[in-house]
Amino acid sequence: MTIADAIKEFKDELGEEVTLVAVSKTKPNELLMQAYDVGQRDFGENKIQEMTDKHASLPKDIKWHMVGHVQSNKVKYMAPYVHMVHAVDKYKTLKEINKRAKQNDRTINCLLQLKIAEEDSKFGLSETDLKDLLANPGLQDMEHVKIRGLMGMATFTEDERHIHAEFEKLERVYFELKDNHDFDTLSMGMSGDYQLAIPHHTNMVRIGSSIFGKRD
Ligand SMILES: *Cc1c(COP(=O)(O)O)cnc(C)c1O
C-alpha cells in the first residue's frame, strides 16, 4: 500500500475524534511529504535532533510531536516549534520545558507518561508518582506548560488480554484525573495495538510502521 492510501485508510477508520500522529522517525523527508500531500499534519519523532532537522526543511504548518524520551539538555532545540511532548516523566523535565517555552514566548503541550508495561526498559511514572507530580504546587508557576493528558505504551506481546489490561489501567487513571486537571488528550496505541486502544477511549494514536513501512 502507498503512504497516501495508508493515511486515508487510517483517517477513515479512526474518524474525527481520534488524532492520527504519523510517526516518521528514521524516514526521509520525501516520505513525510507523501503523507503531507494527502492532508496529514501531525508527525511524531523520537529524537530531538532528527525532528529539528526535519522541521527546518518541511512545511511550517506541520505539528511536531516528540514521542520519545526527552533529555532536559536538548529541550532548547525543540522549544521554538514543538507542538506536543508525549513522554514527560519528571518534574525536572517539565521545569525545563516551561523555561524554554517562556524564552520563546510559547506554551508547550505536554503529556505525562504512565508506566503500564512490565518491561523495565519502558520509561514512565507509576500511578502514585504521576499523581504526586500533578499535586506539586510548583506546577502552578509553570505558565508556559499545558499538561493536556496522559500517554502510555503497552507491553510488546501477542497476548491481547494483557494489552487490554494495561490500556484499561491508563484509561482509568486518565478519566480519574481528567476533570480536575482539564485533560483532553489520551495518547495510546501504535501500529501493533491501536485497535485494542480504541475501546479504551484513546483519542490520539501514534502510528509508524503501518504507514511508512518497517524501520531498519
Ligand atoms: C516508534 C514509536 C511509535 C510507532 O511505532 P509503530 O509500531 O511503528 O507504529 C509509537 N510511539 C512511540 C513512543 C514510538 O517510539
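What you see is a predicted model; the values in this text were computed from it and never measured.

## Structural notes on a negative patch on the surface
Here is step 1: Where like charges cluster on the molecular surface, the negative patch consists of Asp-5, Glu-9, Asp-12 and Glu-13.
Here is step 2: Tracing the sequence through the fold places Glu-13 in helix H1 (residues 3-14).

## Here's the deal with the packing of aromatic side chains
Here is step 1: A full pass over the atoms with the stated rule returns four aromatic pairs.
Here is step 2: With centroids separated by 6.1 Å and ring planes inclined at 20°, the aromatic side chains of Tyr-174 and Phe-183 adopt a geometry described as stacked.
Here is step 3: Judged by relative accessible area, which is 2%, Tyr-174 ranks as buried.
Here is step 4: For Phe-183, a relative accessible area of 4% gives the class buried.
Here is step 5: Note that Arg-41 overlies the ring of Tyr-36, its terminal NZ or CZ placed 3.5 Å from the centroid.

## Some thoughts on the environment of Thr-155
Here is step 1: Tracing the sequence through the fold places Thr-155 in the loop between strand S6 (145-152) and helix H7 (160-181).
Here is step 2: Note on Thr-155: relative accessible area 10%, which makes it buried.
Here is step 3: C-alpha of Thr-155 to C-alpha of Asp-193: the two residues are 38 residues apart in sequence and 9.8 Å apart in space.
Here is step 4: At 3.3 Å, the side chain of Thr-155 forms a polar contact with the backbone nitrogen of Glu-118.

## Examining the site of the ligand
Here is step 1: Residues in close proximity to the ligand include Val-23, Lys-25, Val-67, Met-151, Met-153, Met-190, Ser-191, Arg-206, Ile-207, Gly-208, Ser-209 and Arg-215, which together make up its full environment.
Here is step 2: Ser-191 places a side-chain nitrogen or oxygen 2.5 Å from an oxygen atom of the ligand.
Here is step 3: Backbone polar atom of Ser-209 to an oxygen atom of the ligand: 2.8 Å apart, as the coordinates give it.
Here is step 4: With the chains in place, 90% of the 390 Å² that the ligand exposes on its own is no longer accessible.
Here is step 5: Looking at the shell around the ligand, its residues break down into six nonpolar, three polar and three charged.

## Comments concerning the packing of helix H6 (residues 127-135) against H7
Here is step 1: One can describe the packing of H6 onto H7 by two numbers: an axis separation of 12 Å at closest approach and a directional angle of 15°. Between H6 and H7, the angle is such that the two are roughly parallel. The two elements H6 and H7 cross, and the hand of that crossing is right-handed. Along the contact surface, H6 presents Glu-127, Leu-130, Lys-131 and Leu-134, while H7 presents Lys-169, Arg-172, Val-173, Glu-176, Leu-177 and His-181.
Here is step 2: Counted by class, the contact of H6 with H7 contains four nonpolar, one polar and five charged residues.

## Some points on H6
An α-helical turn contains 3.6 residues, so any two residues separated by three or four positions project in the same direction.
Here is step 1: Among the residues of H6, those classed as buried are Glu-127, Leu-130, Leu-133 and Leu-134. Buried residues of H6, seen end-on, are gathered within an arc of 125° and therefore sit on one face of the element. Across from the buried face of H6, at angles greater than 90 degrees, the exposed residues are Thr-128 and Ala-135.
Here is step 2: Buried residues in H6 make contact with helix H5 (91-103), strand S5 (108-113), S6 and H7.

## Focus: the packing of H1 against helix H2 (residues 29-36)
Here is step 1: Viewed as axis vectors pointing N to C, H1 and H2 meet at an angle of 45°, and their least axial separation amounts to 8 Å. In terms of their interaxial angle, H1 and H2 are classed as oblique. Between H1 and H2 lies a crossing of right-handed hand. Counting all contacts with H1, which are made through Ile-3, Ala-4 and Ile-7, the residues of H2 involved are Leu-31, Gln-34 and Ala-35.

Criteria and thresholds
- Residues numbered from 1 in each chain as written.
- Predicted model: local features only at pLDDT ≥ 70, side-chain atom pairs only at ≥ 80, totals over all residues.
- Heavy atoms only, no water.
- Patch = residues over 30% accessible without salt bridge, like charges linked within 9 Å, V, L, I, M, F, W, Y side chains within 5 Å.
- Areas by Shrake-Rupley, 256 points an atom, 1.4 Å probe, with all protein chains shown as cover.
- Salt bridge = Lys/Arg side-chain N within 4 Å of Asp/Glu carboxyl O.
- Lys, Arg positive; Asp, Glu negative; His and termini not counted.
- Charge placed at Lys NZ, Arg CZ, Asp CG, Glu CD.
- Helix = DSSP H or I, 4+ residues; strand = E, 2+ residues; numbered from the N terminus.
- Phe/Tyr/Trp six-rings, centres within 6.5 Å; stacked < 30°, edge-to-face > 60°.
- Buried < 20%, exposed > 50% of the residue type's maximum accessible area, 1.4 Å probe, protein only.
- Lys NZ or Arg CZ within 6 Å of the ring centre and 35° of its normal.
- Polar contact = N/O pair within 3.5 Å; in protein donor to acceptor, adjacent residues only side chain to side chain.
- Near = heavy atom within 4 Å.
- Nonpolar A, V, L, I, M, F, W, Y, C, P; charged D, E, K, R; others polar.
- Axes fitted to C-alpha atoms, helices over the stretch in contact; angles between N-to-C directions.
- Parallel < 35°, antiparallel > 145°, perpendicular 65-115°, else oblique.
- Left-handed = near helix turned anticlockwise from the far one by under 90°.
- Contact = heavy atoms within 4.5 Å.
- Arc of directions from axis to C-beta.

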